[in-house]
Amino acid sequence: MSGHPGERLSAFLDGELPVSERAEVAAHIRECAECARQVEELSAVDALARELRVDAPEGYFDALPARVRARVRRRPRLLPVAVWAAAAAAVLVAVVAPLTLQRTRSLAPSAAERMAEQGTAVPPATVTSAYATPAPAVSPALRAAGARPDFSLPTSAPAEEARARRDVPSGRLAQRDRAQNAMTAPRAAPALAATAPEPERLHKAVEAHGKEVAQDAAATAPPPPPPAAARPAPAPDAFAAGAAAGKTEDEVGATRVGSRDEGVPAAKGAEAARRGTAPARERKPVAAGRVLAETDPAILADRRYQALLDRRPASVAEARALRDGWEAFARDRPADARADEARVRALEAAITAWRLGSDPADLARARALGRDYLGTEDAPQRDRVRALLDALPPAP
Amino acid sequence: MDAPSRADLTRGPEPASPAGPAAVDAAEADLLARARGGNLFAFEEIVKRYQRRVYATAIRIVRRHDVADDVVQEAFLRAHQALGRFDLSRPFGPWICRIAANLAVNHVRSPRAREEALPEAHAETPAAGASPLTGVLEAEARLELARALESLSAEQRAVFALRVFDELSYKEIADALEISIGTVMSRLSRARERLRVALSPYLGAAMARRAEGGGR
């Protein structure tokens, strides 16, 4: 060997050199004072490093075993939700269009029933055909129910909005619609009321994990001919009331329906619609195999976080959903380094919801989120949160 | 005197068994077998034994407590999930430390983590020296070492920590971090060289102390 061993001194120190090289380096060190000193110093660095104490906060190790146990116990339930969510998100692209028609036929009777309840005479065929063909069959019913004839077509609206109007609405709308029949003006839109009963879990799962993925899916789904006239769903009373109730999934549906009156784009409806059109129960076996490839909770969490980051709410419903998504992230993963940021972003989304819709309930929620945050000990971003709260109108 | 609230991680797995390594292994194998069978309390015992070591591995790489906490929990979760495949005749400690190191490096690599990085966080603290005379110099040396470790990349810290603290072989380090042995060798060499250069002024005293009586 000519010259100094250089990088190999480290491996020599660790006994990781092949036997022949080891002999070479040993021989060199015997002759070379500089390299001998370096080996000595490397060894001293190791020793010094080993003496470094590494501290954890007081009580940390007392609490950790129980925390780990609690997480291990919770773990089995997390996977199915993640599978649900990802399964739902994964299949939505493929099934939206054909499913819309299929779903509609089976749902027509219930929609007709509702309309009968409301005193609006609409033959099932009409509702059915609302999806299979362009809208005129439905609009007479709407007009009969007192709907405004002025349905602004989505010419200026984003493509998503158009698809939202076309798609079958979410099952949650149907449930709320039934619940609020008493409050509902006769003009509850039959098109939107014809909804698919939907697994609650799918809602939560999609919301928790797959929302934005689903949104992207909707954005790329091929558009069936839009019966635009069928879309306009002026039932602001029913759904605005529901929106104020504060339930996220309901809000999404409600705001979608009522959004035209509120002047907020119904892009969120795309999401609700897709949820309605995807009976994940049937599809779960198909998609689960694909999805189970990724069950790593850390990676899922990263995706979840990144997905939340990527969202740009353009409607009250979207902002509320984003707020809830951030809150859920912080709640589900309190030990995550990003949980604090998630809490602050929940507040930001809450404020956005209020700014977009001027709903006092959103303002109250934002204030509550801010107060909760400031009430947390050692909250790292107090200043940022205070600044956000200061920009709001003073609390009564 | 160090504050009693600090948890000294330089000791090995805890609690130490008075009966010797063979007995510890048998007890541990029993715990692992029961944990594998679904006994959560047995697994909790395993956590108690290795939490300090796993935490040390994590904190040395990620440099922040909250991040290390996340890594530690995740490491134990994954170990629990993989217990079914784990060969009980293998030592558990190095295995879970490898898991933790991999998680730690990956976490530091994420763009979000880089945004949040606190530049001056010191995971290590200098302990008081044994004698007043050498104490000051050694305290400075340790502080300098902590700073120098901070200046390494996460990948460099990972190989250094796994080698020096966890005493894994190059092959084990390569497996843990999913890199080649050649990369382990060069990364470790460069890391050590940086530390050596940073500590050079102090090393004379340290080396003399070691020559005198083997330090502590």
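Given the structure is predicted, the values throughout are model-derived calculations rather than measurements.

### Remarks on the overall build of chain B
Within chain B one finds nine helices and one strand. When its helices and strands are written in sequence order, chain B yields α-α-α-α-α-β-α-α-α-α. Taking all 216 residues of chain B together, 53% fall into the buried category. The long-range fraction of contacts in chain B, counting pairs at least 24 apart against all pairs at least 6 apart in sequence, stands at 66%. Roughly 9,600 Å² of accessible area belongs to chain B as shown, and the carbon and sulfur atoms make up 56% of that amount.

### Looking at the side chain of B:Arg187
Among the structural elements, B:Arg187 can be located in helix α9 (residues 181–213). Ignoring sequence-local partners within four residues, the contact set of B:Arg187 consists of B:Glu155, B:Gln156, B:Val159 and B:Ile179.

### Overview of the interface of chain B and chain A
Tallying the contact residues gives 66 residues for chain B and 51 residues for chain A. Here chain B packs against chain A, burying approximately 5,800 Å² in sum over the two surfaces, 57% of which is carbon and sulfur. Inspection of the region where chain B meets chain A yields ten salt bridges. Among the ionic pairs, A:Glu7 bridges to B:Arg190, the shortest N-O distance being 3.8 Å. Among the elements of the structure, α2 (40–62), α3 (65–82), α5 (111–116), β1 (124–125), α6 (132–151), α7 (154–164) and α9 of chain B are those that each provide at least two residues to the side of chain B that touches chain A. In terms of residue count, α9(B) provides more of the side of chain B that touches chain A than any other element does, 15 residues in total. A per-class count over the side of chain B that touches chain A returns 27 nonpolar, 13 polar and 26 charged.

### Quick look at the pattern of salt bridges
Residues and elements named next belong to chain A. One pass over the full model with this rule turns up 37 salt bridges over all chains. The salt bridge involving Glu 341 is made with Arg 384; its shortest N-O contact spans 2.9 Å. Here Arg 384 lies in helix α19 (residues 382–390) and Glu 341 lies in helix α17 (residues 339–357), a separation of 43 residues in the sequence. By relative accessible area, Arg 384 is classed as partly exposed at 27%. Each of Arg 320, Arg 323, Asp 324, Glu 327, Asp 359, Asp 362 and Arg 365 takes part in a single network of salt bridges with overlapping partners.

### Focus: the nonpolar core
Ranked by size, the top nonpolar core spans 85 residues in total, and within it B:Tyr55, B:Phe76, B:Phe92, B:Phe160 and B:Leu177 carry the most contacts. Broken down by element, the residue count for this core peaks at twelve residues, all from α2(B).

### Some words on the confidence of the model for chain B
Residue and element names in this part refer to chain B. The share of residues in chain B with pLDDT of 70 or more is 72%, and the mean pLDDT across the chain is 79. Averaged pLDDT values over the elements of chain B bottom out at 56 in α5 and peak at 94 in α3. Under a pLDDT of 50 for its full length, residues 10–17 has, in the predicted model, twelve contacts with residues more than four places off or in other chains. Predicted confidence is poor over residues 128–133, with pLDDT under 50, and the contacts of this stretch with residues over four places away or in other chains come to five contacts. ipTM for the predicted complex: 0.76, alongside a pTM of 0.44.

### Brief notes about the environment of B:Asp30
Along the chain, B:Asp30 turns up in helix α1 (residues 21–36). C-alpha of B:Asp30 to C-alpha of B:Ala42: the two residues are twelve residues apart in sequence and 8.7 Å apart in space.

### A closer look at the packing of aromatic side chains
Within this structure, the stated rule accounts for eleven aromatic pairs over all chains. Between the aromatic rings of B:Tyr50 and B:Phe92, the centroid separation amounts to 5.2 Å while the plane-to-plane angle is 55°, which identifies the pairing as tilted. On the criterion of sequence distance, the pair formed by B:Tyr50 in helix α2 and B:Phe92 in helix α4 (residues 92–109) is long-range, its members being 42 residues apart. The same class applies to B:Tyr50 and to B:Phe92, which are both buried. Seen from their ring centres, B:Phe160 and B:Phe165 are 6.1 Å apart, and the 85° between their planes marks the pair as edge-to-face. No difference in accessibility class separates B:Phe160 from B:Phe165, as the two residues are buried. Three or more aromatic residues joined by ring pairs form one cluster here, namely B:Tyr50, B:Phe86, B:Phe92 and B:Trp95. When the ring centre of A:Tyr305 is taken as reference, the NZ or CZ atom of A:Arg338 above it lies at 5.0 Å. It is B:Arg60 that lies over the ring of B:Phe165; its NZ or CZ is 3.4 Å from the centre.

### Digging into α17(A)
All names here are of chain A. Along its 19 residues, α17 runs 27 Å from first to last C-alpha, staying within 8% of the 27 Å computed at 1.5 Å per residue. By the burial criterion, the buried members of α17 are Ala 339, Asp 340, Glu 341, Ala 342, Val 344, Ala 346, Leu 347, Ala 349, Ala 350, Ile 351, Ala 353 and Trp 354. Phi turns positive, to about 55°, at Ser 358, one or two residues after α17.

The rules behind each value
Think of each chain on its own: its residues are numbered from 1, step by step along the sequence as written. Working convention: letters from A go to chains and numbers from 1 go to ligands, in the order in which they are written. Whole-chain, interface and lining totals are the exception, using all residues; otherwise, since this is a predicted model, local features are given only for residues with pLDDT of at least 70 and side-chain atom pairs are given and counted only at 80 or more. Think of the side-chain values as coming from all heavy atoms in the structure, minus any hydrogens and water. Only DSSP runs of H or I covering at least 4 residues are called helices, and only runs of E covering at least 2 are called strands; the numbering of each starts at the N terminus. Each residue's exposure class comes from its accessible area (1.4 Å probe, protein chains only) as a fraction of the maximum for that residue type: buried when under 20%, exposed when over 50%, partly exposed otherwise. Throughout, a contact is declared for two residues whenever any of their heavy atoms are within 4.5 Å. Each accessible area is a Shrake-Rupley estimate made with a 1.4 Å probe; only the visible protein chains count as cover when residues are assessed. Accessible area that two parts lose when put together, with a 1.4 Å probe and added across both, is what the buried area reports. By definition here, a salt bridge exists when the distance from a side-chain nitrogen of Lys or Arg to a carboxyl oxygen of Asp or Glu is within 4 Å. Only Asp, Glu, Lys and Arg are considered charged, only Ala, Val, Leu, Ile, Met, Phe, Trp, Tyr, Cys and Pro nonpolar, and every remaining residue, Gly among them, polar. In plain words, nonpolar cores are sets of buried Ala, Val, Leu, Ile, Met, Phe, Trp, Tyr and Cys residues tied together by side-chain atoms within 4.5 Å. The pLDDT value tells you how sure the predictor is about a given residue, anywhere from 0 up to 100. In summary, the pairing rule links any two rings of Phe, Tyr or Trp, Trp by its six-membered ring, whose centres are within 6.5 Å, and it sorts them by plane angle into stacked for under 30 degrees, edge-to-face for over 60 and tilted for everything else. By definition here, charges over rings are those cases where NZ of Lys or CZ of Arg is within 6 Å of the ring centre and within 35 degrees of the ring normal. How far a helix is expected to stretch is found by multiplying one less than its residue total by 1.5 Å.

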